[in-house]
Amino acid sequence: MSKQNNFLPRLILIACGSYSPPTSMHLRMFEIARNHFMERGMFRVIGGIISPVHDEQHKQGLVGGEHRLAMLKLALRSSNWIRLSDWELRQTQWTPTVDVLKYHKHCIEYAAKTERGEAREGDYAEWLPAELCACTADVQLRFLLGSDLLETLADTKLWSNEEIESLCNYGLVVLTRIGSKPDKFVFESDILSNAISNSLRIGLQTISVQLWCVVY
């Protein structure tokens, strides 16, 4: 680790989805995003979180949560920085994505304060990155997603304006296949373009990374 990396803002990536089943590309997305940010000296990515959706989403072909957790645990054995959160599955019903991010952000902030002696000790979630205890500044949480999910954000039947604004306030990291035009899609979507332009924490840029592009 270079000394310069020690002074970079800390970032944790979180991805939500069905993971029915999990694939190598689900994990590859995390690696591509982390390499992009760290090679350019933008962030030090200290952790990744995978949060599988609740069974109550009733998505066609959705495998039971117990089996999806088992598959994800096997898939993540090869990673020393991407961790599995079962919080969403442990709830009594489906949880909106914005609330999933809110919960994990709260845990990150509370754990950091606890390690710095600013809060009383509480449960230390297993998905929290080990490096969090060494952070003396705030840690950002950004939503990692694919272009297919990005395009659903323009559907008012699925997302409210308030939810989109909240997601953009966290920050979006979108991976799409080269040849697609996510920036054009965002520009043509009044909801997304307004949310991004009104946000103080997110910019929009398209960058080619091997077979993928990153939008953040």
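Shown above is the structure to which this text applies.
Residues numbered from 1 in each chain as written. Predicted model: local features only at pLDDT ≥ 70, side-chain atom pairs only at ≥ 80, totals over all residues. Heavy atoms only, no water.

Colleague: Where do I start with the nonpolar core in this structure?
Modeller: The nonpolar side chains of a soluble globular protein tend to be buried with one another. Within the largest apolar cluster, 32 residues are counted, with the highest numbers of intra-cluster contacts made by Ile-108, Leu-132, Leu-153, Leu-167 and Leu-172. At the level of elements, strand E1 (10–17), strand E2 (44–52), helix H4 (97–115), strand E4 (139–146), helix H6 (161–170) and strand E5 (172–177) are the ones that each hand at least two residues to this core. Among the elements that take part in this core, H4 stands out by supplying 7 residues, more than any other. When sequence neighbours within four positions are dropped, the list of residues in contact with Ile-108 reads Ile-12, Trp-127, Leu-128, Leu-132, Val-139 and Leu-141. The next biggest cluster of nonpolar side chains, apart from the first, holds 23 residues, and it includes Ala-15, Leu-27, Ile-50 and Leu-175. (Core = buried A, V, L, I, M, F, W, Y, C linked by side-chain atoms within 4.5 Å. Buried < 20%, exposed > 50% of the residue type's maximum accessible area, 1.4 Å probe, protein only. Helix = DSSP H or I, 4+ residues; strand = E, 2+ residues; numbered from the N terminus. Contact = heavy atoms within 4.5 Å.)

Colleague: Is there a simple way to explain helix H2 (residues 65–75) in this structure?
Modeller: Because each turn of an α-helix spans 3.6 residues, side chains separated by three or four positions end up pointing in the same direction. Within H2 the residues assigned to the buried category are Gly-65, Arg-68, Leu-69 and Leu-72. The buried residues of H2 occupy one face: seen down the axis, they fall within an arc of 100°. Exposed positions of H2 whose direction lies more than 90 degrees from the buried face are Glu-66, His-67 and Leu-74. For H2, the secondary structure elements touched by its buried residues are E2, strand E3 (82–84) and helix H3 (87–90). (Arc of directions from axis to C-beta.)

Colleague: Would you explain the packing of aromatic side chains in this entry?
Modeller: What characterises a pair of aromatic rings is the spacing of the ring centres plus the angle enclosed by the ring planes. Scanning the model with the defined rule gives 3 aromatic pairs in all. Relative to Phe-43, the ring of Phe-37 has its centre 5.4 Å away and its plane inclined at 90°; by these criteria the two rings are edge-to-face. Accessibility classification places Phe-37 together with Phe-43 in one group, the buried group. Taking 4.1 Å as the distance between ring centres and 10° as the angle between the ring planes, the aromatic pair formed by Trp-87 and Tyr-103 counts as stacked. You can see Trp-87 sitting in helix H3 and its partner Tyr-103 sitting in helix H4, a full 16 residues away along the chain. A residue is classified by how much of its surface remains accessible, and Tyr-103, at 23% relative accessible area, is partly exposed. (Phe/Tyr/Trp six-rings, centres within 6.5 Å; stacked < 30°, edge-to-face > 60°.)

Colleague: I'm lost on unusual backbone geometry in this one. Help?
Modeller: Glycine aside, residues mostly have negative phi, and peptide bonds are mostly found in the trans state. Omega for the bond connecting Ser-20 with Pro-21 falls within 30 degrees of zero, at 5°, which places this linkage in the cis form. Its identity is not glycine, yet Tyr-19 carries a phi of approximately 50°, on the positive side. Note on placement: Tyr-19 falls in the loop between E1 and helix H1 (24–39).

Colleague: Please clarify how the pairing of E4 should be interpreted in this entry.
Modeller: Residues in a regular strand point their side chains to alternate faces of the sheet. A large share of E4 lies buried, amounting to 7 of its 8 residues. In the sheet, E1 pairs with E4 via 5 bridges, with the strands oriented parallel. Its bridge partner being in E4, Ile-14 is matched across the sheet by Phe-143. (Pairing = 2+ DSSP bridges.)

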